[in-house]
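Here's the letter readout for the chains.
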Amino acid sequence: MPRVSQDHLAARRRQILDGARVCFTRYGYEGATVRRLEEETGLSRGAIFHHFRDKDSLFLALAEDDARRMADVVAEQGLVQVMRDLLSNSREHPADWLGTRLEVSRRLRTDPEFRARWAERSEQLTTATRRRLLWQRDAGNLRDDVSIDVLTSYLELVLEGLVSHLAMGLPADDLEPVLDVVEESVRRHRGRSTGSPAGDAEDHNVDRYGEQDIPDTR
């Protein structure tokens, strides 16, 4: 028999993860039965569990995949941009990772075994956030009176709060200004009159406000 190509295996794995994401988001972890996973992926249980040892391993792989994607956004634009993506898509087209993130948060509270396994895999987003903040500090854009560790924890807490807010189905239409305040709170300010350019999402600030640090010559 011909050997299955790596491209085929990667495509099949992606098909399973994409279907599983829909299933876990729609039904939660417990409600995502093998039958429902088969329906959402379009594959048999044998095909699914050929790639993943069990449902828990499948969910962890999905959570890791989404964490990597969030880390990519953080590396380019900062953790606040991840929050903006969740918020801007919360009404009709939720960001792919929102459902997974909600289920991860729930299981961390209720499942000690999952919490132990997830602890080994959860550093990607924190590491990406710290690197972004260090880069911004080196560029002179980040406040320097608070440690990077504290700022990282602060932004992660805001993210978890936003996820919980969305999970409860609370109104989200007025939260963009809240994220503006969060973003502003990590920036370095060189003076009251001119303000300071960007902190966690420098490029985003340029897009919203145009040129920066233009002196008032009037």
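Residues numbered from 1 in each chain as written. Predicted model: local features only at pLDDT ≥ 70, side-chain atom pairs only at ≥ 80, totals over all residues. Heavy atoms only, no water.

Engineer: Could you clarify how one ought to interpret the pattern of salt bridges in this entry?
Structural biologist: Here the idea is simple: oppositely charged side chains can pair when their charged atoms come close. Evaluation of the coordinates by the stated rule reveals 23 salt bridges. Linking D65 and R68 is a salt bridge whose minimum nitrogen-to-oxygen distance equals 3.6 Å. Pair noted here: D65 and R68 are both in helix α4 (residues 55-77), with a separation of 3 residues, about one helical turn. By relative accessible area, which is 7% here, D65 ends up buried. (Salt bridge = Lys/Arg side-chain N within 4 Å of Asp/Glu carboxyl O. Helix = DSSP H or I, 4+ residues; strand = E, 2+ residues; numbered from the N terminus. Buried < 20%, exposed > 50% of the residue type's maximum accessible area, 1.4 Å probe, protein only.)

Engineer: Before we go on, may I ask you to explain the environment of S105 in this structure?
Structural biologist: Topologically, S105 is positioned in helix α6 (residues 96-110). Measuring from C-alpha to C-alpha, the distance between S105 and S164 comes to 8.5 Å, with 59 residues separating the pair along the chain. Not counting residues within four places of it along the chain, the set of residues in contact with S105 comprises E160 and V163. (Contact = heavy atoms within 4.5 Å.)

Engineer: Would you mind showing me how to read the environment of R69 here?
Structural biologist: Within the secondary structure, R69 is located in helix α4. A C-alpha to C-alpha distance of 8.4 Å links R69 and W97, two positions 28 residues apart in sequence.

Engineer: Help me understand the packing of aromatic side chains in this model?
Structural biologist: Two aromatic rings, taken as a pair, are described by how far apart their centres are and by the angle between their planes. Applying the stated criterion across every chain yields a total of 5 aromatic pairs. Each ring, one from F24 and one from Y29, has its centre 5.9 Å from the other, and the planes form 5 degrees; the classification is stacked. With respect to burial, F24 and Y29 carry one shared label: buried. Ring plane angle 80 degrees and centroid distance 5.0 Å describe the contact between F24 and F59, whose orientation is recorded as edge-to-face. Of this pair, F24 sits in helix α1 (residues 6-31) while F59 sits in helix α4, placing them 35 residues apart in sequence. The burial state of F24 is the same as that of F59; both residues are buried. Positioned above the aromatic ring of Y29, the side-chain terminus of K55 is 4.3 Å from the ring centre. Above the face of the Y29 ring, R107 is positioned so that its terminal group lies 3.7 Å from the ring centre. (Phe/Tyr/Trp six-rings, centres within 6.5 Å; stacked < 30°, edge-to-face > 60°. Lys NZ or Arg CZ within 6 Å of the ring centre and 35° of its normal.)

Engineer: Is there a simple way to explain helix α7 (residues 112-119) in this structure?
Structural biologist: In an α-helix, one turn spans 3.6 residues, which is why side chains three or four residues apart end up on the same side. Every buried residue of α7 is listed here: F114, R117 and W118. Considered in projection along α7, the buried side chains sweep an arc of 100 degrees and stay on one side of the axis. For α7, the capping residue at the N-terminal end is D111, with a side-chain oxygen 3.1 Å from the backbone nitrogen of E113. (Arc of directions from axis to C-beta. Polar contact = N/O pair within 3.5 Å; in protein donor to acceptor, adjacent residues only side chain to side chain.)

Engineer: When you look at the nonpolar core in this model, what are you seeing that I'm missing?
Structural biologist: Taken as a class, soluble globular proteins show a tendency for nonpolar side chains to be buried jointly. If you look at the biggest cluster of nonpolar residues, it comprises 28 residues, and the most contacted ones within it are L79, V82, L86, L155, L159 and L162. When contributions to this core are tallied by element, the ones reaching two or more residues are α4, α5 (79-88), α6, α8 (123-138), α9 (148-167) and α10 (176-185). Of all the elements, α9 adds the most residues to this core, at 7 residues. By size, the runner-up hydrophobic cluster in this structure holds 21 residues, among which are F24, A47, V104 and W118. (Core = buried A, V, L, I, M, F, W, Y, C linked by side-chain atoms within 4.5 Å.)

Engineer: Explanation requested: the packing of α8 against α9 in the structure shown.
Structural biologist: Helices that pack against each other are described as a pair by the angle of their axes relative to one another and the distance between those axes. Closest axis-to-axis distance for the α8/α9 pair is 10 Å, and the angle between their directions is 125 degrees. When the axes of α8 and α9 are compared, the pair comes out oblique. Handedness of the α8/α9 crossing: right-handed. Here α8 contributes L125, T126, T129, R130, L133, L134 and R137 to the contact with α9, which in turn contributes I148, D149, L151, T152, L155, E156 and L159. (Axes fitted to C-alpha atoms, helices over the stretch in contact; angles between N-to-C directions. Parallel < 35°, antiparallel > 145°, perpendicular 65-115°, else oblique. Left-handed = near helix turned anticlockwise from the far one by under 90°.)

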